[in-house]
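Take a look at the letters that make up each chain.
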Amino acid sequence: MAIVPHATTRVTPDLTLPIDLPTVELRARLEALAYTRADLVEMYGGAAEYSRSILEEHERVLRRELARRERLYRAGADVPDPRDARWDVWLGLAREARERADIVQVLADAGHQVYDTGGYSRRRDAREYAGPCPWCGGRDRFRVWRGRDSGYWCRRCGVAGDVIALVRNLIPGCEGFLSAVAYLARELGLSLPDDPATMPTRHVVRLRAVEVRRVAS
Ligand SMILES: [Zn+2]
């Protein structure tokens, strides 16, 4: 019995969450959501309520889907073990990338410039940047915090996420979770796991990264 992907869960007309994701990505997204959601309103007040409600809905959907896969696995269905330790190294890499990656540099590599607003989040120990939203434009509606557990938020269209989500959305060839983590790991000089079964295509990741830098310079 194979997992049949549900139809895309439509949370709002513009912000959708596909749940036919690999389990490792589903787990990593849950971790990222927990802090993105918690801090948004604290940093931006009522203006971020809309985004927080979306992220809360995403979190509910992801938790339900993970629980569903665990039930299937425990029931003996022919599905991968959602807690497979093989993925732990990727989750660890994702956490380290989230803590150490330079989100402003990722934006620059993708051709998007942001400026230092002078704002500072004590809680995140992060400086705030602003610029046009990569998705809906504008002048300063897109806010980025650069520091440990960096992230982004657009007060107009409501998109919010961590640096891994940003790479997946903006860096060509890194649309998959593993490719995005591998891209950031390489930037940070972190070694990737050798297990070929869990590897994204090395070659593609390296070529894409070079292409992106060339475009940005
Ligand atoms: Zn926007």
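Residues numbered from 1 in each chain as written. Predicted model: local features only at pLDDT ≥ 70, side-chain atom pairs only at ≥ 80, totals over all residues.

**Some points on the overall build of the protein**
Step number 1: Broken down by element type, the protein carries 7 helices and 7 strands.
Step number 2: Taken from N to C terminus, the helices and strands of the protein fall in the order β-β-α-α-α-α-β-β-β-β-β-α-α-α. (Helix = DSSP H or I, 4+ residues; strand = E, 2+ residues; numbered from the N terminus.)

**What to know about the sheet that holds strand β6 (residues 151-154)**
Step number 1: Strand order in the open sheet formed by 5 strands is β3-β4-β5-β6-β7, with antiparallel pairing between adjacent strands. Of all the strands in the sheet, the pair left with one neighbour each is β3 (115-121) and β7 (160-162). Neighbour to neighbour, the strand axes of the sheet diverge by 25° on average, direction disregarded.
Step number 2: Bridge count for β3 against strand β4 (residues 126-133) is 4 bridges, and the pairing is antiparallel. Residue pairing across strands places Tyr115 opposite Ala130, the latter belonging to β4. (Pairing = 2+ DSSP bridges. Axes fitted to C-alpha atoms, helices over the stretch in contact; angles between N-to-C directions.)

**Focus on the confidence of the model for the protein**
Step number 1: Averaged over every residue, the pLDDT of the protein is 80; the share at 70 or more is 81%.
Step number 2: Per-element confidence in the protein ranges from a low mean pLDDT of 38 for helix α7 (residues 202-216) to a high of 95 for helix α4 (residues 103-109).
Step number 3: Contacts of residues 200-217 to residues separated by more than four positions or lying in other chains number 26 contacts, the stretch itself having pLDDT below 50. (pLDDT = per-residue confidence, 0-100. Contact = placed C-beta atoms within 7 Å.)

**Observations concerning the nonpolar core**
Step number 1: Within the largest apolar cluster, 45 residues are counted, with the highest numbers of intra-cluster contacts made by Ile164, Val167, Val181 and Leu184.
Step number 2: Element by element, the count of residues in this core is highest for helix α6 (residues 177-188), at 8 residues.
Step number 3: Residues in contact with Val181, not counting those within four places in the same chain, are Trp90, Leu93, Ala94, Ala97 and Ile164. (Core = buried A, V, L, I, M, F, W, Y, C linked by C-beta atoms within 7 Å. Buried ≥ 20, exposed ≤ 12 C-beta atoms within 10 Å, placed from the backbone.)

**Description of the environment of Glu70**
Step number 1: Structurally, the position occupied by Glu70 is in helix α2 (residues 49-74).
Step number 2: Once the C-alpha coordinates of Glu70 and Arg83 are considered, the two residues, 13 residues apart in sequence, prove to be 8.2 Å apart.

**Thoughts on the pairing of β4**
Step number 1: Adjacent in sequence and paired antiparallel, β3 and β4 are bridged by 4 residues, among which Asp125 carries a positive phi angle near 55°.
Step number 2: In this sheet, strand β5 (residues 137-146) lies alongside β4 in antiparallel orientation, the contact comprising 6 bridges. Of the residues in β5, the one forming a bridge with Arg127 is Arg146.
Step number 3: Two successive antiparallel strands, β4 and β5, enclose a turn made up of 3 residues.

**Focus on the pairing of β6**
Step number 1: Neither face of β6 is left uncovered, since the one carrying Gly151 and Trp153 and the one carrying Tyr152 and Cys154 both have all their residues buried.
Step number 2: Taken together, the 4 bridges between β5 and β6 define a ladder with antiparallel strand orientation. Residue pairing for β6: Arg143 is matched across the bridge by Trp153.
Step number 3: The loop that links β5 with its antiparallel partner β6 comprises 4 residues; one of these, Asp149, has a positive phi angle of about 55°.
Step number 4: In terms of strand pairing, β6 meets β7 through 3 bridges, oriented antiparallel. Residue pairing for β7: Trp153 is matched across the bridge by Ala160.
Step number 5: Here β6 folds back onto β7 in antiparallel fashion, the turn holding 5 residues, of which Gly158 has a positive phi close to 90°.

**Notes on α2**
Step number 1: For α2, spanning 26 residues, the distance from its first C-alpha to its last is 37 Å, which sits close to the expected 38 Å at 1.5 Å a residue.
Step number 2: Of the residues making up α2, those classed as buried are Ser51, Arg52, Leu55, His58, Leu62 and Glu65.
Step number 3: Gly76 occupies a position one or two residues after α2 and carries a positive phi of about 90°. (Expected span 1.5 Å × (residues − 1).)

**Thoughts on the environment of Asp125**
Step number 1: As for its position among the elements, Asp125 is in the loop between β3 and β4.
Step number 2: By C-beta crowding, Asp125 is classed as exposed, having 11 other C-beta atoms within 10 Å.
Step number 3: Expressed as a C-alpha distance, the spacing of Asp125 and Trp145, which sit 20 residues apart in the sequence, is 9.2 Å.
Step number 4: Residues in contact with Asp125, not counting those within four places in the same chain, are Gly147 and Arg148.

**Regarding helix α3 (residues 88-100)**
Step number 1: A rise of 1.5 Å per residue sets the reference length of α3, with its 13 residues, at 18 Å; its end C-alpha atoms lie 18 Å apart and thus fit the reference within 8%.
Step number 2: Within α3, the full set of buried residues consists of Trp90, Leu93, Ala94, Ala97 and Arg98. What you see down the axis of α3 is that its buried residues fit within an arc of 135°, all on one side.
Step number 3: In this structure, the buried side of α3 is in contact with α1 (23-44), β7, α5 (163-170) and α6. (Arc of directions from axis to C-beta.)

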